[in-house]
Structure formats: C-alpha cells, structure tokens
Amino acid sequence: MKEAKSSLSEFIRAPGTLKTTAIILGVMLTQSASGIDVIISYNQKIFKDSGSNISLNLSSIIVGVVQVVGVALSGLIMDRLGRRPLLMISQGLIIVSLFFLGLYFHLQISNPVVNESIGWLPLVSLMVHSIGFAIGVGPIPWIYLEVIPTYMMAIVTALGVGVNWTAIFLFTRFYVQVQENLGSDWSFWIFAILSSIGIIFSYFCIPETKGKTLEELQDIFTTRRT
C-alpha cells in the first residue's frame, strides 16, 4: 500500500506529468470521438436507415476492404508525413465524411427527391471515414503511448485506455437514443463537431515524434516546449 502511494506521489511530482497526461487523454479521446465504434456496431442499421439501393452486405464488405487498404497505406506513409500531420489529415477526412453522412440523412427528411439521386453518398461517406480512421486516428494514439517517458507510462496508459473505453461505451450505449431524439443527421454531426475539436487539439497540443531520439522525446514530454 505504501509503495502504491509512493509511486502515485512520485508520478504527480514528476516533471511533465500533467502535460503528458493531457496529451495522451486528448489523443485517445480523438479516437473514440471519431465515431468508429458506433459505425462498426450499427453498420447494418445505418445502411438500412439510409434507404440506399446498394445491398447491406455488399456495403459492409466494401467498407471493410477499404479499412484494410487504409491500414496498409498508413504503414507506407506514416514515416514520410509524420504522426501529427497524418493524424490531422485523418481527422479532416473523418470530419468531411461525417458531415456528408449527416447531410444525407438531413436531406432524406427535408428533400427526399434530391436524396434519391445521391443514394451512393452513405457508402462513399463511410468508405472515406474508414480510410481516414485507418491511416491515422486508429493507430497513432497507440504510438504516442509507446513514446512517453517510461516512469509515467504505466499510469498514463491506464488513464488513457480507461478514458478511451469509457467514451466508447457511452457513445455506443446512447447512440440510438441520440438518433431517436435529435435525428440521424445530428447523430453524425455531433461526431463531426467532436472531431473538429480534436483536430484543433492536435494542431496546438500534440507534438511531432517523427525522427526524434529517446532524449528528444523525453524533453518533449517533460518540458513546456512542443
């Protein structure tokens, strides 16, 4: 018990603790706020509600294949572009895809005639979302967990993963209620807004770790400079 209290006390007093914790919590929340778990959990429901003329099974298969391609693409371009720029590109794709997915459902109610001519939009939006998540928002938060100082890694990782899983649970648990009360359009626009906050956070708060030595990484996470 005394050892646990001592470790926690040392963690709190250690240089860069608050900064590193804020960075990790922020980057992990950008992942859950992308809406990926809601889309995966309610994939079939989303396609069914959209009324698209593309079959549900085919749509799900296409989105899955696109995500696999995105994962492969991420491995090829991450070291070239850097973690932070790729994360922001990823968030940008997610924001655009969620906006247009929400717009489709908005038009479904307000202008069904126009909506019939863009039955392909839900599938394309989810394809863009999947590739956006796979190239950055999916893998990059876990990479940041691996480069923080070792003396704070255990506690910060536990906090980051705990917050991420809690947010995922809340988003998936209350998605249907939000959809029923605010509409399908806002159920996706909310995630677009959260991802917009995430991209601002990434720009101002998340450091680049590409090509950094261990000493430089320690300096990044333990000083005010990013």
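Residues numbered from 1 in each chain as written. Predicted model: local features only at pLDDT ≥ 70, side-chain atom pairs only at ≥ 80, totals over all residues. Heavy atoms only, no water.

**Section: the overall build of the chain**
Alright, step 1. Of the regular secondary structure elements, the chain holds 12 helices and 0 strands.
Alright, step 2. Here the chain, with 226 residues, has 46% of them falling under the buried criterion.
Alright, step 3. In the chain, the proportion of contacts linking residues at least 24 apart, taken out of those at least 6 apart, comes to 81%.
Alright, step 4. About 11700 Å² of surface is accessible on the chain, with carbon and sulfur atoms providing 69% of the total. (Helix = DSSP H or I, 4+ residues; strand = E, 2+ residues; numbered from the N terminus. Buried < 20%, exposed > 50% of the residue type's maximum accessible area, 1.4 Å probe, protein only. Contact = heavy atoms within 4.5 Å. Areas by Shrake-Rupley, 256 points an atom, 1.4 Å probe, with all protein chains shown as cover.)

**Considering the pattern of salt bridges**
Alright, step 1. This model, assessed by the stated rule, comprises 2 salt bridges.
Alright, step 2. Here Asp49 makes a salt bridge to Lys45, at a shortest N to O gap of 2.8 Å. Of this pair, Asp49 and Lys45 both sit in helix α4 (residues 43-50), 4 residues apart, which is roughly one turn of that helix.
Alright, step 3. For Lys45, a relative accessible area of 30% translates into the label partly exposed.
Alright, step 4. The partner of Arg83 in a salt bridge is Asp79, and the shortest N-O contact between them spans 3.2 Å. (Salt bridge = Lys/Arg side-chain N within 4 Å of Asp/Glu carboxyl O.)

**Structural notes on the packing of helix α6 (residues 83-110) against helix α8 (residues 121-137)**
Alright, step 1. Packing of α6 against α8 leaves a shortest axis separation of 8 Å and a crossing angle of 160°. If you check the angle between α6 and α8, you find them roughly antiparallel. Here α6 and α8 pass one another in a crossing that is left-handed. Side by side, α6 and α8 meet where Leu86, Leu87, Ile89, Ser90, Gln91, Leu93, Ile94, Ser97, Leu98, Phe100, Leu101 and Tyr104 of the first sit next to Leu121, Pro122, Ser125, Leu126, Val128, His129, Gly132, Phe133, Ile135, Gly136 and Val137 of the second.
Alright, step 2. Taken together, the residues that form the contact of α6 with α8 break down as 16 nonpolar, 7 polar and no charged. (Axes fitted to C-alpha atoms, helices over the stretch in contact; angles between N-to-C directions. Parallel < 35°, antiparallel > 145°, perpendicular 65-115°, else oblique. Left-handed = near helix turned anticlockwise from the far one by under 90°. Nonpolar A, V, L, I, M, F, W, Y, C, P; charged D, E, K, R; others polar.)

**Structural notes on the nonpolar core**
Alright, step 1. Counting 45 residues, the largest nonpolar core has Ile24, Ile46, Leu98, Leu126, Phe188 and Phe221 as the members making the most contacts within it.
Alright, step 2. Here the element with the most residues in this core is α6; it accounts for 8 residues.
Alright, step 3. If sequence neighbours within four positions are ignored, Phe221 has contacts with Gly16, Lys19, Thr20, Ile23, Tyr144, Val147, Ile148, Pro149 and Pro207. (Core = buried A, V, L, I, M, F, W, Y, C linked by side-chain atoms within 4.5 Å.)

**Some remarks on the environment of Pro149**
Alright, step 1. Take Pro149: it is sitting in the loop between α9 (140-147) and α10 (150-182).
Alright, step 2. Residue classification places Pro149 among the buried positions, given a relative accessible area of 1%.
Alright, step 3. Sequence separation between Pro149 and Asp219 is 70 residues, and the spatial gap between their C-alpha atoms is 9.3 Å.
Alright, step 4. If sequence neighbours within four positions are ignored, Pro149 has contacts with Gln218, Phe221 and Thr222.

**Regarding the side chain of Asn43**
Alright, step 1. Structurally, the position occupied by Asn43 is in helix α4.
Alright, step 2. Discounting residues that sit within four places of it in the chain, Asn43 has contacts with Val38, Ser60 and Val63.

**Describing the packing of aromatic side chains**
Alright, step 1. Across all of its chains, the model carries 9 aromatic pairs by this definition.
Alright, step 2. Taken together, a centroid distance of 4.9 Å and an interplanar angle of 40° make the contact between Tyr42 and Tyr175 tilted. Residue Tyr42 is found in the loop between α3 (36-41) and α4, and its partner Tyr175 is found in helix α10; the two are separated by 133 residues along the sequence.
Alright, step 3. What makes Tyr175 buried here is its relative accessible area of 3%.
Alright, step 4. Note on Tyr203 and Phe204: the rings are 4.9 Å apart at their centroids and 85° apart in plane angle, and the pair reads as edge-to-face.
Alright, step 5. Of the residues examined, Phe204 reaches a relative accessible area of 59% and is grouped as exposed.
Alright, step 6. The ring of Phe174 is capped by Arg173, whose NZ or CZ atom sits 5.0 Å from the centre of that ring. (Phe/Tyr/Trp six-rings, centres within 6.5 Å; stacked < 30°, edge-to-face > 60°. Lys NZ or Arg CZ within 6 Å of the ring centre and 35° of its normal.)

**Description of α4**
Alright, step 1. The set of residues buried in α4 consists of Asn43, Ile46, Phe47 and Ser50. For α4, the angular spread of the buried residues around the axis is 95°, confining them to a single face.
Alright, step 2. Each element contacted by the buried residues of α4 is listed here: α3, α5 (56-81), α6, α8, α10 and α11 (184-205).
Alright, step 3. Downstream of α4 by one or two residues, Gly51 has phi in the positive range, about 70°. (Arc of directions from axis to C-beta.)

**What about the confidence of the model for the chain?**
Alright, step 1. In this model, the chain carries an average pLDDT of 86, and 89% of its residues clear a pLDDT of 70 or more.
Alright, step 2. For residues 2-6, every residue scores under 50 in pLDDT, and the model assigns this stretch 0 contacts once sequence neighbours within four places are set aside. (pLDDT = per-residue confidence, 0-100.)

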